Amino acid sequence: MVESPPGIEGQGFFATSLDSLVGLARANSLWPLPFATSCCGIEFMSTMASHYDIGRFGAERLSFSARQADVLMVMGTIAKKMAPVVKQVYLQMAEPRWVLSVGACACSGGIFDTYSVLQGIDRIIPVDVYVPGCPPRPEQILDGFMQIQELAKKESTRRRNMPEYKALLASYGIE
Ligand code: SF4
């Protein structure tokens, strides 16, 4: 069961805003696209499996097509030569879209402070939530996912038209 959004309740009726209703539906039916390149991806497999069961959050339907995905989950070391691929996947996602950066490597390059490793995916795409750890435990990944759910609940249905959001994308050279 999910909590109902704020609204006015009476006998036989409940009234709320459209934004809240859409947010509730979005937050509980997010389709993740797992972009897993190394060890953090193994933690994600555990997060998917029965013990942690990401299906409890309505997110068991993974999407390997960027066009059908809501949340890009980047898990693992991203080499600089992979960076254009991550960006391409992000660009192919439809709005509204969110990005979860899982683990030290995706967040900051982790222990790989070298010429070949991207020092954080936020150098190429905007990130909504960072999950620390090397590797983060499945509980942490779930916690990060729940933070994305909170964002989805509160996001305006017209986010793509918001000047702040447009400015954020523009700072990454994305129109
Ligand atoms: S953060 Fe640690 S566990 Fe995750 S991909 Fe990097 S080295 Fe592997």
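Scroll up a little and you will see the structure.
Residues numbered from 1 in each chain as written. Predicted model: local features only at pLDDT ≥ 70, side-chain atom pairs only at ≥ 80, totals over all residues. Heavy atoms only, no water.

Digging into the pattern of salt bridges
The final tally for this structure, using the stated rule, is four salt bridges. A salt bridge links arginine 137 to glutamate 139; its shortest N-O distance comes to 3.0 Å. We classify arginine 137 as partly exposed; its relative accessible area is 45%. Owing to a relative accessible area of 39%, glutamate 139 belongs among the partly exposed residues under this scheme. Note that glutamate 150 is salt-bridged to lysine 153, the shortest N-O span being 3.0 Å. With a gap of three residues between them, glutamate 150 and lysine 153 both fall in helix H5 (residues 138-154), about one helical turn apart. Judged by relative accessible area, which is 33%, glutamate 150 ranks as partly exposed. Linked through salt bridges whose partners overlap, the residues forming this network are Glu150, Lys153 and Lys154. (Salt bridge = Lys/Arg side-chain N within 4 Å of Asp/Glu carboxyl O. Buried < 20%, exposed > 50% of the residue type's maximum accessible area, 1.4 Å probe, protein only. Helix = DSSP H or I, 4+ residues; strand = E, 2+ residues; numbered from the N terminus.)

Some thoughts on the sheet that holds strand S5 (residues 98-102)
The four strands lie next to each other as S3-S4-S5-S6, forming an open sheet whose pairing is parallel. In this open sheet, the two strands that pair with only one neighbour each are strand S3 (32-36) and strand S6 (129-131). Across the sheet, the axes of successive neighbouring strands diverge by a mean angle of 20 degrees, strand direction being ignored. Relative to S6, S5 runs parallel, the two sharing three bridges. (Pairing = 2+ DSSP bridges. Axes fitted to C-alpha atoms, helices over the stretch in contact; angles between N-to-C directions.)

So, the site of the ligand
Contacts to the ligand come from Ser38, Cys39, Cys40, Gly76, Thr77, Ala104, Cys105, Phe112, Gly133, Cys134 and Pro135. Secondary structure elements with two or more residues in the shell around the ligand: helix H2 (39-48) and helix H4 (103-108). Residues belonging to the shell around the ligand are distributed by class as follows: seven nonpolar, four polar and no charged. (Near = heavy atom within 4 Å. Nonpolar A, V, L, I, M, F, W, Y, C, P; charged D, E, K, R; others polar.)

Thoughts on the environment of methionine 75
Mapping methionine 75 onto the fold places it in strand S4 (residues 71-75). In this structure methionine 75 comes out as buried when scored by relative accessible area, which is 0%. Distance from methionine 75 to alanine 36, taken between C-alpha atoms, is 4.6 Å for residues 39 residues apart in sequence.

Describing the environment of leucine 118
For leucine 118, the position within the fold is in the loop between H4 and S6. A relative accessible area of 8% means that leucine 118 is categorised as buried. Counting along the chain gives 41 residues from leucine 118 to threonine 77, while the straight-line C-alpha distance between them is 7.9 Å. Every residue in contact with leucine 118, bar those within four places of it in the chain, is listed here: Ile78, Ala79, Lys80, Ala83, Cys105, Gly109, Arg123 and Ile124. (Contact = heavy atoms within 4.5 Å.)

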